[in-house]
Amino acid sequence: MEKYEKLEKVGEGTYGKVYKAQDRETGQVVALKKTRLEMDEEGIPPTALREISLLRLLSQSVYVVRLLSVEQATKNGKPILYLVFEFLDTDLKKFVDAFRKGPNPRPLPSNNFLYQLCKGVAHCHSHGVLHRDLKPQNLLVDKEKGILKIADLGLGRAFTVPMKSYTHELKWSEDKLFFQVTLSCNSCFTFSGKYFALSHLLTPVLDRLLGTPTEEQWPGVTDLRDWHEFPQWKPQILERSVPALEPEGVDLLSKMLQYNPANRISAKSAMEHPYFDTLDKSQF
């Protein structure tokens, strides 16, 4: 990795360590993600190559963090892969926190970021890819251009070779994220629930807000793997939880927060919702 100078370690996750680095020749600042992929004697497994190609394809969208290159290095005689991404120095959580704590705190235009998120998610879905771990820390912000970018897309999955079957604890990431960011941006209260489904779905906020799911709402829910007798909560009026959100936003949120996946609005359909009618979509 003589090509890059590591400046600092900026994170670590299931995919490996992440470094802020600089291209010695061009001066470009990048994010280096050191993978924990074990390569065999013949090099990179074909399945991993296909997944890397998929990451390249997905990162062609401006709303997905761009994969610039894949580099191979050697450490202690063992080959290592580094994924080289564009570098962004803040995520949505840090951005919202700084926005709210600034000298002139004001509501953040969450419909702008949500529209960009929907575009990024729809792009991934159009290629048959589920992120499954969307959260403010995995959404990076280009502060100068005001662009929201999906990060860490598929890394845990990309470097699990062979591919494992999907866990039954799927995450309602985009939908709960809208709820969380909406609450946070409008200074109502911070959504502190987890991002899991079913066994961890009935969080301190959502279970009391949406009510305990029933067979009428979600046929077959009581037969799902982690179902047990949950506390029985009655659904509450959504508007009271997000008083600063306009009626169109409440309507979109209600369509996103549907227990039954068959009734939940898709990212592509959400982009056509009246909540975004006031946006100048030509900027996207």
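Before reading further, recall that the structure is shown in the block above.
These notes cover the structure that comes with them. All figures in this text were calculated on a predicted structure; none of them were measured in a lab.

## Re the pairing of strand β7 (residues 147–150)
The side chains of a regular strand alternate between the sheet's two faces. Taking every second residue as pointing to the same face, both faces of β7 are buried, with Ile147 and Lys149 on one and Leu148 and Ile150 on the other. Pairing of strand β6 (residues 139–142) with β7 involves 4 bridges; the strand directions are antiparallel. Across the sheet, the residue bridging to leucine 139 is isoleucine 150, located in β7. Once β6 ends, the chain turns through 4 residues before running back antiparallel as β7, passing glycine 146 with a positive phi of about 65 degrees.

## A look at the packing of aromatic side chains
Applying the stated criterion across every chain, the model contains 5 aromatic pairs. Geometrically, the ring pair formed by tyrosine 115 and phenylalanine 284 is tilted, given 5.0 Å between the ring centres and 45 degrees between the ring planes. Taken as a pair, tyrosine 115 in helix α3 (residues 110–126) and phenylalanine 284 in the segment after α9 (267–270) lie far apart in primary sequence, 169 residues in all. On the basis of relative accessible area, tyrosine 115 is assigned to the buried category, the value being 6%. The structure contains a cluster of three or more aromatic residues connected by ring pairs, namely Tyr115, Tyr275, Phe276 and Phe284. Seen from the ring of tyrosine 19, lysine 6 lies directly overhead, with NZ or CZ sitting 4.1 Å from the centre. Positioned above the aromatic ring of phenylalanine 85 is the side chain of lysine 33, whose terminal nitrogen or guanidinium carbon lies 5.1 Å from the ring centre.

## A short note on the nonpolar core
Counting 44 residues, the largest nonpolar core has Leu114, Leu117 and Leu252 as its most contacted members. Sorting the residues of this core by element identifies α1 (46–58), α2 (92–101), α3, β6, β7, α6 (206–210), α8 (247–256) and α9 as the ones contributing at least two each. By residue number, the principal contributor to this core is α3, which donates 8 residues. Counting contributing residues per domain, this core is built from domain 1 (4–86) and domain 2 (90–283), each supplying no fewer than three.

## Quick word on the environment of phenylalanine 87
Assignment of secondary structure puts phenylalanine 87 in the loop between β5 (78–86) and α2. For phenylalanine 87, a relative accessible area of 21% translates into the label partly exposed. If we skip the residues at most four places from it in the chain, phenylalanine 87 touches Lys20, Val29, Val30 and Ala31.

## Comments concerning α3
Its 17 residues place the ends of α3 24 Å apart at the C-alpha level, agreeing with the 24 Å of an ideal helix rising 1.5 Å per residue. Burial analysis of α3 places 14 of its 17 residues in the buried class, the great majority of the element. Glycine 128 lies just past α3 and shows a positive phi near 75 degrees.

Definitions and limits used
Residues numbered from 1 in each chain as written. Predicted model: local features only at pLDDT ≥ 70, side-chain atom pairs only at ≥ 80, totals over all residues. Heavy atoms only, no water. Buried < 20%, exposed > 50% of the residue type's maximum accessible area, 1.4 Å probe, protein only. Helix = DSSP H or I, 4+ residues; strand = E, 2+ residues; numbered from the N terminus. Pairing = 2+ DSSP bridges. Phe/Tyr/Trp six-rings, centres within 6.5 Å; stacked < 30°, edge-to-face > 60°. Lys NZ or Arg CZ within 6 Å of the ring centre and 35° of its normal. Core = buried A, V, L, I, M, F, W, Y, C linked by side-chain atoms within 4.5 Å. Domains from an automatic or database assignment. Contact = heavy atoms within 4.5 Å. Expected span 1.5 Å × (residues − 1).

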